[in-house]
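Spelled out from the first residue to the last, the chains are:
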Amino acid sequence: MARVGLTTERVVEAAADLADEVGFENVTVSALARQFGVKDASLYSHVKNVQDLRSRIGLLAAGEMIDRIAAAVAGRAGKDALVAFAGAYREYALERPGRYRATHTQQDPTVVAGSTTYRRTAEVTYGVLRAYGLSEPDLTDAVRLLRSTFHGYCNLEAIGGFGAPRDVQRSWERALDALHVALVNWPPTQEDDSDDADE
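Residues numbered from 1 in each chain as written. Predicted model: local features only at pLDDT ≥ 70, side-chain atom pairs only at ≥ 80, totals over all residues. Heavy atoms only, no water.

**A short note on unusual backbone geometry**
Look at the link from Glu-136 to Pro-137: it is a cis peptide, with omega at 5°. With respect to the helices and strands, Pro-137 occurs in the loop between helix H8 (116-130) and helix H9 (138-158). (Helix = DSSP H or I, 4+ residues; strand = E, 2+ residues; numbered from the N terminus.)

**Observations concerning the confidence of the model for the chain**
Per-chain confidence: the chain averages 92 in pLDDT, with 93% of residues scoring 70 or above. Contacts from residues 193-199, a stretch scored under 50 in pLDDT, to residues over four places away or in other chains number zero contacts. (pLDDT = per-residue confidence, 0-100. Contact = heavy atoms within 4.5 Å.)

**Some remarks on a nonpolar patch on the surface**
There is a patch of nonpolar side chains on the surface, built from Leu-156, Ile-159 and Phe-162 and spanning about 290 Å² of accessible area. Summarising the element assignment, Leu-156 is placed in helix H9. (Patch = residues over 30% accessible without salt bridge, like charges linked within 9 Å, V, L, I, M, F, W, Y side chains within 5 Å. Areas by Shrake-Rupley, 256 points an atom, 1.4 Å probe, with all protein chains shown as cover. Salt bridge = Lys/Arg side-chain N within 4 Å of Asp/Glu carboxyl O.)

**Section: the packing of aromatic side chains**
Within this structure, the stated rule accounts for six aromatic pairs. Ring centres of Tyr-89 and Phe-150 lie 5.4 Å apart, and the angle between their planes is 55°; this geometry places the pair in the tilted category. One end of the pair, Tyr-89, is in helix H5 (residues 78-95); the other, Phe-150, is in helix H9, and 61 residues separate them in sequence. With respect to class, Tyr-89 is no different from Phe-150; both count as buried. An aromatic cluster of three or more residues is present, and its members are Phe-85, Tyr-89, Tyr-100, Phe-150, Tyr-153, Phe-162 and Trp-172. One cation-aromatic arrangement involves Arg-54 over Phe-24; the distance from NZ or CZ to the ring centre is 5.8 Å. (Phe/Tyr/Trp six-rings, centres within 6.5 Å; stacked < 30°, edge-to-face > 60°. Buried < 20%, exposed > 50% of the residue type's maximum accessible area, 1.4 Å probe, protein only. Lys NZ or Arg CZ within 6 Å of the ring centre and 35° of its normal.)

**Remarks on the environment of Leu-156**
The exposure class assigned to Leu-156 is partly exposed, which follows from its relative accessible area of 38%. Each C-alpha atom, one on Leu-156 and one on Gln-169, is 13 Å from the other, the two residues being 13 residues apart in sequence.

**Comments concerning the pattern of salt bridges**
Applying the stated rule across the entire model yields 12 salt bridges. Across the pair Arg-101 and Glu-25 runs a salt bridge, and its minimum N-O distance is 2.7 Å. Here Arg-101, found in helix H6 (residues 97-102), pairs with Glu-25, found in the loop between helix H1 (8-22) and helix H2 (29-36); they are 76 residues apart in sequence, far enough to count as distant. On the accessibility criterion, Arg-101 (35% relative accessible area) is partly exposed. Glu-173 is the salt-bridge partner of Arg-170, the closest N and O atoms lying 2.4 Å from each other. You can see Arg-170 and its partner Glu-173 sitting in helix H10 (residues 168-184), three residues apart, about one turn around the helix.

**Topic: the side chain of Gln-107**
Looking at the secondary structure, you find Gln-107 in the loop between H6 and helix H7 (109-113). Owing to a relative accessible area of 9%, Gln-107 belongs among the buried residues under this scheme. At 3.3 Å, the side chain of Gln-107 forms a polar contact with the side chain of Tyr-118. Each residue touching Gln-107, except ones within four places of it in the same chain, is listed here: Ser-55, Gly-58, Leu-59, Val-112 and Tyr-118. (Polar contact = N/O pair within 3.5 Å; in protein donor to acceptor, adjacent residues only side chain to side chain.)

**As for the packing of H1 against helix H4 (residues 50-73)**
Put simply, H1 and H4 touch, their axes get as near as 9 Å, and they point 85° apart. Here H1 lies roughly perpendicular to H4, going by the angle between them. Facing Thr-8, Val-11, Val-12, Glu-13, Ala-15 and Ala-16 of H1, the residues of H4 in contact are Leu-53, Arg-56, Ile-57 and Leu-60. Per-class residue counts for the contact of H1 with H4 are seven nonpolar, one polar and two charged. (Axes fitted to C-alpha atoms, helices over the stretch in contact; angles between N-to-C directions. Parallel < 35°, antiparallel > 145°, perpendicular 65-115°, else oblique. Nonpolar A, V, L, I, M, F, W, Y, C, P; charged D, E, K, R; others polar.)

**Thoughts on the layout of surface pockets**
A probe as big as a water molecule, rolled over the atoms, marks out the empty space that is left. Reported here for the largest pocket is a volume of approximately 750 Å³. Looking at the largest pocket, it is lined by 25 residues, and the ones nearest its centre are Thr-103, Tyr-118, Thr-121, Thr-125 and Arg-147. Broken down by secondary-structure element, the contributors of at least two residues to the lining of the largest pocket are H4, H5, H7, H8 and H9. Looking at which element gives the most residues to the lining of the largest pocket, the answer is H9, with six residues. Grouping the constituent residues of the lining of the largest pocket by class yields 15 nonpolar, eight polar and two charged. Reported here for the second largest pocket is a volume of approximately 190 Å³. Lining the second largest pocket, in full, are Ala-93, Leu-94, Pro-97, Tyr-100, Arg-101, His-104, His-151, Cys-154, Asn-155, Ala-158 and Ile-159. Within the residue set of the lining of the second largest pocket, elements represented by two or more residues are H5, H6 and H9. If you tally residues by element for the lining of the second largest pocket, the top one is H9, at four residues. For the lining of the second largest pocket, the residue count by class is seven nonpolar, three polar and one charged. (1 Å grid on protein atoms, 1.4 Å probe; cavity = no way out; pocket = protein on both sides within 12 Å on 5 of 7 lines; lining within 4 Å. Points joined across faces, edges and corners; volume = space filled by probe spheres on them.)

If you want it as structure tokens, here you go:
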């Protein structure tokens, strides 16, 4: 029987806190049960298994992150929105490392399809990029560029991967300057005529 006072929401929030403390990969049902002072079985009324628990952490974190980003970009456009988006992204990644790691786990496609969190994330992200006059397929390409740049930078910063004496904040700002220039001067999409090459 589930312990009185435990809810799925409380269990997932505690697991997210644990992820920030000990690392996302170290979150297990057993470790969480010890925190609550209960047996593992008490938590299985709220989560199916460790994969379900970690998936729920990812969904929680994605919601927190996009809330922060959406608040930052509200009323902004162009470079101002890009800088605000990037700043909120980086702050969350560095302040909540376990949660942030959880946002990069593989999710069940049915969960993603039915999630208002992921839909809102797409809306906010694509909204910032549409202000640069981009449309598909350039929008998707630009999203991938931003995501890989932000993710790579934050991961390296978190592990102390930048060894040069240059200030990390200044390099971040210059990277955003470069991204803005790239978005303003986005190259036109070339038609893929490889299918016609042998005709």
